[in-house]
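Residue strings, one per chain:
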Amino acid sequence: MKRGSIIGPVLLIAIGLLFLANNLRPDLPTLRVVAEYWPYVLIAWGLARIAEITWWWRTGRPLPDHGVSGGEWAFIVLICVVGSSIFYGQRFGGRLARVHFGSLEMLGESFDFSHSESRTPAGKSPKIVVENLRGNARIVGADTDLVTAKAHTTVRAYNQPEAERANNQCPFEVVRNGDMIVVRSNHDRLSGSARVSTDMEITVPKGASIDARGRYGDFDVHGVDGTVTVDSDNAGVRLGNLGGNVKVDTRKGDIVRAIGVKGSVEVRGANGDLELESIEGPVVVNGSYYGDIVLRKIAKPARFESSVSDMRFPKINGHVEISRGELRGQDIAGPVYLRTRSRDIHLSDFTDAVEIQIERGDVDLRPGKLPVGKMDVHVRGGNVVVAVPDGAKFEINASTDKGGIENDLNNGLRRETHNRGARLAGSTGGGGPMLNLRTDRGNIALRRGSVLASQTPGPVERQ
Amino acid sequence: MTPARQYLRSLRGPVMLTALGSLLVADHFGPQPIFRTWPVLLVVLGVMILLEHLVKKPEGGPQT
Amino acid sequence: MTTVASFCRNCGKALTEQEKSDPSVVYCSACAPAFNPAPPPLPRPAPGPNPGVSPGLAFLLGLLPGVGAIYNAQYLKGLTHGLIFGLIITMAEHSDRGAGPLFGMLAATFYFYMPFEAYHTAKKRMLGEPVDEFSSLLKLQSGTGFPAGPVVLIGLGVVFLLNNLGLLRISQVMKFWPVLLIALGLMMLKDRMGGRDDAR
């Protein structure tokens, strides 16, 4: 008779023991450990099974048809789903945990505690530090010289007394510390297995500057004229109507949005989406973004840096949208510098020079305004299309190592082909800035563009 | 099926499981999230099946 | 030439003459009961013609992902079909410009595959032919000895991985789709020119 694997049952027993331990001794952080390390269980299971099967093979025992049976796969899927939801539920603190677990007895219930409103006189331009490890904080500037703070804490625990104990360990306080006012939820004083998260609403004097710190939870700051700094492990950051400089550093987050900032903006981190609009100071973005980046109306130079990209825009009157495969820019004042690995570039309605270096992607440039600025485009694999208005004056040196060149303009420039590539060089309209267009593999096209380029450029033609 | 082939066949599940666990660890603790790294599983599966095909057939007897 | 076993594979005892003469015996009589490999899985015994099964209904139900297979009592296959379809749709939603249409086409293809497959299986059941759990319209094993399956898997995995890590864009790879048609044609050609292989 074939003997079944012992691993499955062993695992089941281990899980049962873990939950039992958690119920009998809730002070041990068993569930937290499980939530963090459960993927290792899958690895261990896989390796153990490999060892078991190898041993069976070596000792001549009959081998199973499937190393992991259908039932075991179903169990694995269950582990993944439950494990992931516990993991993200724990990380995400109050709100999400509530949604996921409701009042499942094995994971505790949620208890809400409200804190009475506190008012602290602060002067016209205080420095305010907000510390909230878990939970959302909303800070609004107003015509007052008080710091008014309201908060409510959500505790996940097994029973009321434990929840109260946890709540008391983390008092919500507003204290004066030298010339700073600190608003904090004291989650770091928590001990035990309860989970605590605090949502706070703070009204501050308009001239305040804000230093917000957290681990998981959103920060909203509006209507404040001082410097605003946000630092979190995982936060959605929404800022608006700010008079000073802004610095956001989030290790992870779903969105960073700032609309209406008079100072500079510096954003760091690995996030989902980024939206900056109406920024009067320079912008520096440093990090990787899974989602989309939208920059609109940036009056000073904007610079985007990541491990593979370096992009600079001196002034964005219109917008620049960067998604994982594309960059679209409209109404930009140059000189624009773009260096990235793999993206299609569409720039329309720009003035001054453009320098683009990419490895893979198509480039579509439609300056839309005369005079045309200098262009330096080098693409390793991809097409280059440049559409200039009639009457443009420039010199051109276009070459492709593998592909063709089309010239729609009536300027008498001659195209030579050689090997599998082509070259087009010359000057038109009496000469002007140099358009240096080069692709290693792809086609180049010179087209007629319209002067008022307010339409979105069409799709790049591929050959 | 030869023992060697059957061995590889049985190994498929646990190897995939180990790969899945590793991708999840990479998601939780570091480099890349799972929604990007999942194709590794396709590669691992393909390699395992390929190895089964490459194990030499011994002489004689019907093969599965 | 079949090799003849002379000693029990498990305990090493010498086999009797009668045991030796049977080339399929590799264990001695003491060990054999424990080690008899399970008989090769027989196809489910043919239940006889079943007029209650309607291939037309199977086709209609097959328009709902997975339900066609469930109608044919292939529950695991129904679940698998549903999961595959859902997965393709999800990937079509979440992928960037290049891969999206690819997944869309794949989804459409698979969507129409399911009702036809359900129809075909139901017809077989109606006529009383045996069907196993994961019956399929496609020849899933490689008859020609070239392991197309795993190679495709590995290829797909590598392509998607490179796309996800930003090293290669699927839109570039997509240019090569006619290669698939050519490869398919070549494989079919090889099949038909090299004489029919034993069908799966």
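Look above for the structure.
Given the structure is predicted, the values throughout are model-derived calculations rather than measurements.

**A short note on the overall build of chain C**
Phase 1: From N to C terminus, chain C includes nine helices and zero strands.
Phase 2: Across chain C, helices and strands are ordered from the amino to the carboxyl terminus as α-α-α-α-α-α-α-α-α.
Phase 3: Here chain C holds 200 residues, and 22% of them are scored as buried.

**A few points about the interface of chain A and chain B**
Phase 1: In this complex, chain A contributes 18 residues to the contact, which on the side of chain B involves 17 residues.
Phase 2: Elements represented by at least two residues in the side of chain A that touches chain B include exactly α2 (30-58) and α3 (70-91) of chain A.
Phase 3: For the side of chain A that touches chain B, the element with the highest residue contribution is α2(A), accounting for eleven residues.
Phase 4: Residues belonging to the side of chain A that touches chain B are distributed by class as follows: 14 nonpolar, three polar and one charged.

**Re the environment of B:Met16**
Phase 1: Within the element layout of this structure, B:Met16 appears in helix α1 (residues 3-29).
Phase 2: Those residues within four positions of B:Met16 in sequence are excluded, and the remaining contacts are B:Leu41, B:Val44 and B:Leu45.

**As for the pairing of strand β4 (residues 146-157) of chain A**
All names here are of chain A.
Phase 1: Bridge count for strand β1 (residues 109-121) against β4 is eleven bridges, and the pairing is antiparallel. Counterpart to Phe-113 in the pairing with β4 is Thr-153.
Phase 2: Of the strand pairs in this sheet, β4 and strand β7 (residues 195-205) are connected by nine bridges, and their pairing is antiparallel. From the neighbouring strand, Val-155 faces β7, where its bridge partner is Val-196.

**Some thoughts on helix α5 (residues 160-169) of chain A**
Residue and element names in this part refer to chain A.
Phase 1: Among all positions in α5, only Ala-163, Ala-166 and Asn-167 are buried. Looking down the long axis of α5, one finds its buried residues gathered within 100° of arc, a one-sided arrangement. In α5, the exposed positions angled more than 90 degrees off the buried face are occupied by Pro-161 and Asn-168.
Phase 2: The elements touched by buried residues of α5 are β1, β4 and β7.

**Describing the nonpolar core**
Phase 1: One finds A:Ile202, A:Ile210 and A:Val386 to be the most contacted residues of the largest nonpolar core, which totals 82 residues.
Phase 2: Apart from the residues lying within four places of it in its own chain, the contact partners of A:Ile210 are A:Ile128, A:Val130, A:Ile139, A:Val221, A:Val224, A:Gly226 and A:Val228.

**With respect to helix α3 (residues 39-54) of chain B**
For the α-helix, the turn length of 3.6 residues means that residues three or four positions removed from each other point alike.
Phase 1: Counted at 1.5 Å a residue, the expected span for α3(B) with its 16 residues is 22 Å, and the 23 Å between its end C-alpha atoms agrees.
Phase 2: Within the sequence span of α3(B), burial applies to B:Pro39, B:Val40, B:Leu42, B:Val43, B:Val44, B:Gly46 and B:Met48.
Phase 3: Looking at the buried side of α3(B), the elements it contacts are α1 and α2 (34-37) of chain B together with α7 (148-164) of chain C.

**Observations concerning the packing of α2(A) against α1(B)**
Phase 1: Direction vectors running N to C along α2(A) and α1(B) enclose 165°, while the axes themselves pass 7 Å from each other. The orientation of α2(A) relative to α1(B) falls into the category roughly antiparallel. Viewed along their axes, α2(A) and α1(B) form a crossing whose handedness is left-handed.

**Quick notes on unusual backbone geometry**
All names here are of chain A.
Phase 1: Of note, the bond from Gly-334 into Pro-335 is cis; its omega dihedral lies within 30 degrees of zero at 5°.
Phase 2: Mapped onto the secondary structure, Pro-335 falls in the loop between β19 (326-333) and β20 (336-342).
Phase 3: Here the amide bond leading from Leu-370 into Pro-371 is cis, since omega sits at -5°, within 30 degrees of zero.
Phase 4: Turning to its location among the elements, Pro-371 is positioned in the loop between β23 (363-366) and β24 (375-381).
Phase 5: In this structure, Asn-186 takes a positive phi of about 55° despite not being glycine.
Phase 6: Inspection of the secondary structure puts Asn-186 in the loop between β6 (180-184) and β7.
Phase 7: For Asn-186, a count of 17 C-beta atoms within 10 Å gives the class partly exposed.
Phase 8: The phi angle at Asn-419 is positive, at roughly 55°, despite the residue not being glycine.
Phase 9: Tracing the backbone through its elements, the reader meets Asn-419 in the loop between β28 (415-418) and β29 (421-428).

About the cut-offs
- Residues numbered from 1 in each chain as written.
- Chains lettered and ligands numbered in written order.
- Predicted model: local features only at pLDDT ≥ 70, side-chain atom pairs only at ≥ 80, totals over all residues.
- Helix = DSSP H or I, 4+ residues; strand = E, 2+ residues; numbered from the N terminus.
- Buried ≥ 20, exposed ≤ 12 C-beta atoms within 10 Å, placed from the backbone.
- Contact = placed C-beta atoms within 7 Å.
- Nonpolar A, V, L, I, M, F, W, Y, C, P; charged D, E, K, R; others polar.
- Pairing = 2+ DSSP bridges.
- Arc of directions from axis to C-beta.
- Core = buried A, V, L, I, M, F, W, Y, C linked by C-beta atoms within 7 Å.
- Expected span 1.5 Å × (residues − 1).
- Axes fitted to C-alpha atoms, helices over the stretch in contact; angles between N-to-C directions.
- Parallel < 35°, antiparallel > 145°, perpendicular 65-115°, else oblique.
- Left-handed = near helix turned anticlockwise from the far one by under 90°.

Interpretation in functional terms is not warranted from these geometric data alone.
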